[in-house]
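# Breakdown of the fold
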Amino acid sequence: MKGLEQIPTEEQLSRVYHQLQSLKVAATSEEIALWTQWARFDPRLAEQLVQHFSLYWREISPVMLNDSVLKQPWPAIVGVLLDQASVFGGLPTVELKLFRSWSACVMSGVDPALNEQFFMGLRSFAGKAMLDDAQGAIKSYRRWGFLGREYLANKAVQKLSKQPRTLVPASVRRAKLDELIRLCPRFTARDYRESLGGGVSLRQAELDLRAHPRLRAVGKTRARVYLRKRGRETC
């Protein structure tokens, strides 16, 4: 697998943080393309780039950015960032269709990666976190051939009450729910959502819980809990 000639240093990353936070216009296509590669080593930089795309995408030529991205070793990384910008960027609904068309132009000719860890150097090799990434990868990563669960938005955006969309695939949700039922005899919709990192909407969580054959609901609305119908209690 080809990669960067040099991993970014902490000093380089700090300079990019400051530059992104200070900019009042879009960075150049060459800068953005390079920084997206550096973001693979630093979730904070990835979050800032998601925000940068959501703020300044209209000022960035998709043709020029596409040209710069295709010169990088991991061009598919940009697809993840753009997909997350469409979810967490706070774009008005009327702009989303245009943003996605712009994103498609940026990603023209870019192939997905081959089921690689999105972030590098942040997980113990073959450890539990790496396994969780593989089993629980959310759509924006899977679409571009990566394994990852991080939502690349600031914490205010990530609050469960603010999450209107479901990002976790049905197969992953079902596996997590089966695990939760096995471990705990009773839990709430919030418990289920937190087990998925907030990547499922409240409405979808309630539908998942209601449809599971091993659960029964007790109580109404906010006080509702879900009880395991059978099996030995372990917590």
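See the structure above.
Quick look at the structure, then.

What counts, and where the lines are drawn
- Residues numbered from 1 in each chain as written.
- Predicted model: local features only at pLDDT ≥ 70, side-chain atom pairs only at ≥ 80, totals over all residues.
- Heavy atoms only, no water.
- Helix = DSSP H or I, 4+ residues; strand = E, 2+ residues; numbered from the N terminus.
- Buried < 20%, exposed > 50% of the residue type's maximum accessible area, 1.4 Å probe, protein only.
- Contact = heavy atoms within 4.5 Å.
- Core = buried A, V, L, I, M, F, W, Y, C linked by side-chain atoms within 4.5 Å.
- Salt bridge = Lys/Arg side-chain N within 4 Å of Asp/Glu carboxyl O.
- Pairing = 2+ DSSP bridges.
- Arc of directions from axis to C-beta.

### Examining the overall build of the chain
Tallying secondary structure elements over the chain gives 12 helices and five strands in all. Going through the 235 residues of the chain one by one, you find that 46% of them count as buried. Across the chain, the fraction of contacts at a sequence separation of at least 24, relative to all contacts at a separation of at least 6, is 69%.

### A word on unusual backbone geometry
Even without being a glycine, Asn115 presents a positive backbone phi close to 55°. Position of Asn115 relative to the elements: it lies in the loop between α6 (93-106) and β1 (116-117). For Asn115, a relative accessible area of 61% gives the class exposed.

### Some thoughts on the nonpolar core
By size, the foremost hydrophobic cluster in this structure holds 64 residues, and its most contacted members are Leu45, Phe53, Leu81, Trp102 and Phe146. Among the elements that line this core, the one with the most residues is helix α5 (residues 76-88), at eight residues. Apart from the residues lying within four places of it in its own chain, the contact partners of Leu81 are Thr36, Ala46, Leu49, Val50, Phe53, Phe118 and Leu152.

### A closer look at the pattern of salt bridges
Inspection of every chain in the model, using the stated rule, returns eight salt bridges. Put simply, Glu11 and Arg15 hold a salt bridge, and the shortest N to O gap is 3.2 Å. Taken as a pair, Glu11 and Arg15 lie in helix α1 (residues 10-22) at a separation of four residues, close to a single helical turn. Among the residues examined, Glu11 registers a relative accessible area of 55% and is labelled exposed. With a shortest N-O distance of 3.3 Å, Asp67 and Lys71 are connected by a salt bridge.

### A closer look at the sheet that holds strand β3 (residues 186-187)
With antiparallel pairing, three strands are arranged side by side in an open sheet as β3-β5-β4. Each end of this open sheet is capped by a strand with a single partner; those strands are β3 and β4 (215-218). One ladder, built from four bridges, connects β4 with strand β5 (residues 225-228); its direction is antiparallel. Residue pairing for β5: Arg216 is matched across the bridge by Leu227.

### As for helix α12 (residues 202-211)
All of the buried residues in α12 are Ala205, Asp208 and Leu209. On an axial view of α12, the arc spanned by its buried residues comes to 95°, and they lie on one face. Exposed side of α12, more than 90 degrees from the buried face: Arg203, Arg210 and Ala211 are the residues found there. Looking at the packing, one finds that the buried side of α12 touches α10 (170-183), β3, α11 (189-195), β4 and β5.

### With respect to the pairing of β5
Side-chain alternation along β5 places Val225 and Leu227 on one buried face and Tyr226 and Arg228 on a second face that is also buried. Two elements, β3 and β5, share two bridges in a ladder whose sense is antiparallel. Looking at β5, one finds that Arg186 is bridged to Leu227. Two successive antiparallel strands, β4 and β5, enclose a turn made up of six residues, where Gly219 displays a positive phi of approximately 95°.

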